[in-house]
Amino acid sequence: MYDYDLLVVGSANADLVIGVERRPGAGETVLGSDLAVHPGGKGANQAVAAARLGARTALLARVGDDAHGRLLLDSQRAAGVDTVGVLVGGAPTGVALITVDPSGDNSIVVSPGANGRLMPEDVRAAGCLFQGSKVVSAQLEIPLETVVETVRNLAPGSRFVLNPSPPRPLPSEVLAACDPLIVNEHEAKVILGDSAVGDTPEDWARILLAKGPRSVVVTLGGQGALVASSEGVSRVPAVKVDAVDTTGAGDSFTAALAWRLGAGESLAEAAAYAVRVGAATVTKEGAQASFPTAAEVAAQ
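The following refers to the structure shown.

Thresholds, definitions, all that
- Residues numbered from 1 in each chain as written.
- Predicted model: local features only at pLDDT ≥ 70, side-chain atom pairs only at ≥ 80, totals over all residues.
- Heavy atoms only, no water.
- Core = buried A, V, L, I, M, F, W, Y, C linked by side-chain atoms within 4.5 Å.
- Buried < 20%, exposed > 50% of the residue type's maximum accessible area, 1.4 Å probe, protein only.
- Helix = DSSP H or I, 4+ residues; strand = E, 2+ residues; numbered from the N terminus.
- Contact = heavy atoms within 4.5 Å.
- Salt bridge = Lys/Arg side-chain N within 4 Å of Asp/Glu carboxyl O.
- Pairing = 2+ DSSP bridges.
- Axes fitted to C-alpha atoms, helices over the stretch in contact; angles between N-to-C directions.
- Expected span 1.5 Å × (residues − 1).
- Parallel < 35°, antiparallel > 145°, perpendicular 65-115°, else oblique.
- Left-handed = near helix turned anticlockwise from the far one by under 90°.
- Nonpolar A, V, L, I, M, F, W, Y, C, P; charged D, E, K, R; others polar.

Bringing the nonpolar core into the picture now. Counting 42 residues, the largest nonpolar core has Leu53, Leu59, Val217, Phe253, Leu257 and Tyr273 as its most contacted members. Only strand E1 (4-9), helix H1 (42-53), strand E4 (57-63), helix H2 (67-79), strand E12 (225-229), helix H9 (249-262) and helix H10 (267-281) provide two or more residues apiece to this core. Excluding residues that lie within four positions of it along the chain, tyrosine 273 makes contacts with Leu53, Ala256, Trp259, Arg260, Ala294 and Val297. Core analysis: the second largest hydrophobic core is formed by 40 residues, Leu140, Ala188, Leu209 and Ala228 among them.

Okay, here's the thing in structure tokens:
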């Protein structure tokens, strides 16, 4: 019997958000809205998104011993996430500087802070969390060697989900563990590198599969998603909504998909549910504040 439906190994940031009429070019200054501070970071976002949907969730992360760290811990606990794996100290809490334009598109610069101090030995020390988790999810806002160690500490029978963001080339050991590897168009092209032949998401997915993952999901924003495995490649249609802010949509998609896979759904079924969760997320401002409950998803 698993203690957790999902263990998220990843980043926890304070999101510092400013609305702008348009994003500045090089050397340009633009005026924006009042500063808003929200709990964020891809790892923390995924944990909150999963817990809000009803998943029994734990987070393995590191925050600073500061106000931003306390904000993040409070947010996790309020959502029902088990924070026994959240380490405190070693560096200031990570910060993401986010500008959002009127269309809802965002640009993000991340200062990793304590996220850069989440080390392989922290993963090894959290063995009880890995043994008790049905699915483990990670991203790349923490050191790559920590992600590698996460793969090495997976419990027999557990499933590993990776969103390689921010994207970088991945070692074969990590790629081989992914089930699925979840990428958007930009992330797919970075990971493919010189292998990026073909112009369609179906092409990217097939080439990515050939690099070792057990399955691949390509998120397509307003066009839905695409799933690929040894059983074939198929599209998952989008849910039409009026987007307000895309911040956190990819994180809620990944969390929902990981949870539903752990519940026994097929990749296509889990992706279809995740598309609905992502669509609900973009209709509200912010990251964690915009994540829907299972009831809100059902009411779409």
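Right, let's get into the pattern of salt bridges. Applying the stated criterion across every chain yields a total of 15 salt bridges. When the shortest N-O distance is used, the salt bridge between aspartate 5 and arginine 56 registers 3.0 Å. Here arginine 56 lies in the loop between H1 and E4 and aspartate 5 lies in strand E1, a separation of 51 residues in the sequence. Looking at aspartate 5, the relative accessible area reads 12%, which means it is buried. For arginine 152, the salt bridge is made with glutamate 149, and the minimal N-O distance between the two is 4.0 Å. Taken together, the residues arginine 152 and glutamate 149, both in helix H5 (residues 144-152) and three residues apart, mark about one turn of the helix. One continuous salt-bridge network, built from bridges that share partners, spans Glu121, Arg124, Glu149, Arg152 and Glu173.

Strand order in the open sheet formed by four strands is E3-E2-E6-E7, and the pairing between neighbours is mixed. The open sheet is flanked by strand E3 (36-40) and strand E7 (106-111), the only strands paired with a single partner. If you compare each strand with its neighbour and ignore which way they point, the axes differ by 25° on average. Relative to strand E6 (residues 94-100), strand E2 (residues 13-19) runs parallel, the two being bridged by seven bridges. Residue alanine 14 lies in a different strand from E6, and its bridge partner there is valine 95. Contacts between H2 and the sheet are confined to E2, E3 and E6, with E3 contributing the most and set at about 55° to the helix.

On to H1, then. The end-to-end C-alpha distance of H1, which contains twelve residues, comes to 17 Å, matching closely the 16 Å that a straight helix rising 1.5 Å per residue would cover. In terms of residue burial, H1 counts as a mostly covered element, since eleven of its twelve residues are buried. Those residues of H1 not exposed but buried are Lys42, Gly43, Ala44, Asn45, Gln46, Ala47, Val48, Ala49, Ala50, Ala51 and Leu53.

A few words now on the packing of H1 against H9. Geometry of a packed helix pair, given as the angle between the helix axes and the separation of the axes. One can describe the packing of H1 onto H9 by two numbers: an axis separation of 8 Å at closest approach and a directional angle of 55°. Relative to H9, H1 is oriented oblique. As H1 runs across H9, the sense of the crossing is right-handed. Packed against H1, whose contacting residues are Lys42, Asn45, Gln46, Ala49, Ala50 and Leu53, the element H9 presents Asp251, Ser252, Thr254, Ala255, Ala256 and Trp259 at the interface. Classifying every residue of the contact of H1 with H9 by side-chain character gives six nonpolar, four polar and two charged.

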